[in-house]
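# Report on the structure
Spelled out from the first residue to the last, the chains are:
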Amino acid sequence: DLGKTAMNTFHERVPAGPFDVVFRDKLIRIFLSPIILLKESVTVFGTAILIEDISLEKEQDKAKDEFLAVAAHELKAPLTAMKLNSEKILSILPQSPQMDEVKNAVIQIQDDAEKLIEIVHDFVDLSRIESGNIPFNRETFQVSEIIAEVVRDLHSAAENKKISLDFDIYDK
């Protein structure tokens, strides 16, 4: 009840909200805050009520979630095919020094496909987290492993531009 909440905000001198309420065909967000005069004594002389129409914002969030779900689905199949085809190519490549460059290129394609698949999974997880359908779990990781992976990914591009790219871990 908005009236009771406004009175409680007034008497207790504490803000309340946000509250999301459906009103007619709109989704409304309501915040309440006591209005306080600071002179000789702290006097509450009213309650400010902020009413915001968030219908469009909610529609846009829903459209974004639907887009991410469709994009994830559309990306997953070709990326999985890239990964599987690169595995097949690696299994039939002859073992010879002449094929090492080709093998390394195929391994890079396979690794990149796996990374893109993980990004697609991250998009899906982000949508689930935002909608409250998945818990957010913190985890520790080695930053050095991520940096080494980025350096490895950029190594070919750096070589092509005649740039030396190295990464070393220094222990103190």
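Keep in mind the model is a prediction, meaning the values are calculated, not measured.

### Re a negative patch on the surface
- Taken together, the side chains of E87, E114, E118 and D122 present a region of like negative charge at the surface.
- With three residues, helix 3 (residues 100-131) is the largest single contributor of residues to the negative patch.
- As for its placement among the helices and strands, E118 is situated in helix 3.
- On the basis of relative accessible area, E118 is assigned to the partly exposed category, the value being 48%.

### Thoughts on the pattern of salt bridges
- Applying the stated criterion across every chain yields a total of five salt bridges.
- Here D65 and K64 are joined by a salt bridge, their closest N and O atoms 3.8 Å apart.
- Under the relative-accessibility criterion, D65 is labelled partly exposed at 22%.

### A few points about the packing of helix 3 against helix 4 (residues 143-160)
- Where helix 3 meets helix 4, the closest approach of the two axes is 11 Å, and the angle between their N-to-C directions is 130 degrees. When the interaxial angle is binned, helix 3 and helix 4 end up oblique. Relative to helix 4, the crossing made by helix 3 is left-handed. Contacts between helix 3 and helix 4 pair Q108, D112 and K115 from the former with E149, R152 and D153 from the latter.
- Residues that form the contact of helix 3 with helix 4 fall into these classes: no nonpolar, one polar and five charged.

### Observations regarding the nonpolar core
- Judged by nonpolar contacts, A6, A16, I28, I30 and L32 together constitute the single largest core of five residues.
- What L32 contacts, discounting residues up to four positions off in sequence, is L2, T5, A6, T9, P15, A16, F19, T47, A48 and I49.

### Some thoughts on helix 2 (residues 55-92)
- In a regular helix each residue adds 1.5 Å, so 38 residues correspond to 56 Å; helix 2 covers 56 Å between its end C-alpha atoms and thus fits that length.
- If you look at helix 2, its biggest bend is around 25 degrees, right at K76, and the proline P78 turns up within four residues after that.
- All of the buried residues along helix 2 are S55, L68, A72, L79, S86 and L90.

### Focus on the confidence of the model for the protein
- In the predicted model, the protein carries a mean pLDDT of 84, and 94% of its residues have values of at least 70.
- Within the protein, no element has a lower average pLDDT than helix 4, which sits at 83, and none a higher one than strand 1 (residues 16-23), at 90.

### Details of a nonpolar patch on the surface
- Taken together, the side chains of F141, V143, I146, I147, V150 and L154 define a hydrophobic patch exposed on the protein surface, amounting to about 530 Å² of accessible area.
- Tracing the backbone through its elements, the reader meets I147 in helix 4.
- Classification of I147 by relative accessible area gives partly exposed; the value is 36%.

Calculation criteria
Residues numbered from 1 in each chain as written. Predicted model: local features only at pLDDT ≥ 70, side-chain atom pairs only at ≥ 80, totals over all residues. Heavy atoms only, no water. Patch = residues over 30% accessible without salt bridge, like charges linked within 9 Å, V, L, I, M, F, W, Y side chains within 5 Å. Areas by Shrake-Rupley, 256 points an atom, 1.4 Å probe, with all protein chains shown as cover. Salt bridge = Lys/Arg side-chain N within 4 Å of Asp/Glu carboxyl O. Lys, Arg positive; Asp, Glu negative; His and termini not counted. Charge placed at Lys NZ, Arg CZ, Asp CG, Glu CD. Helix = DSSP H or I, 4+ residues; strand = E, 2+ residues; numbered from the N terminus. Buried < 20%, exposed > 50% of the residue type's maximum accessible area, 1.4 Å probe, protein only. Axes fitted to C-alpha atoms, helices over the stretch in contact; angles between N-to-C directions. Parallel < 35°, antiparallel > 145°, perpendicular 65-115°, else oblique. Left-handed = near helix turned anticlockwise from the far one by under 90°. Contact = heavy atoms within 4.5 Å. Nonpolar A, V, L, I, M, F, W, Y, C, P; charged D, E, K, R; others polar. Core = buried A, V, L, I, M, F, W, Y, C linked by side-chain atoms within 4.5 Å. Expected span 1.5 Å × (residues − 1). Bend = angle between axes of the 7 residues up to and from the residue. pLDDT = per-residue confidence, 0-100.

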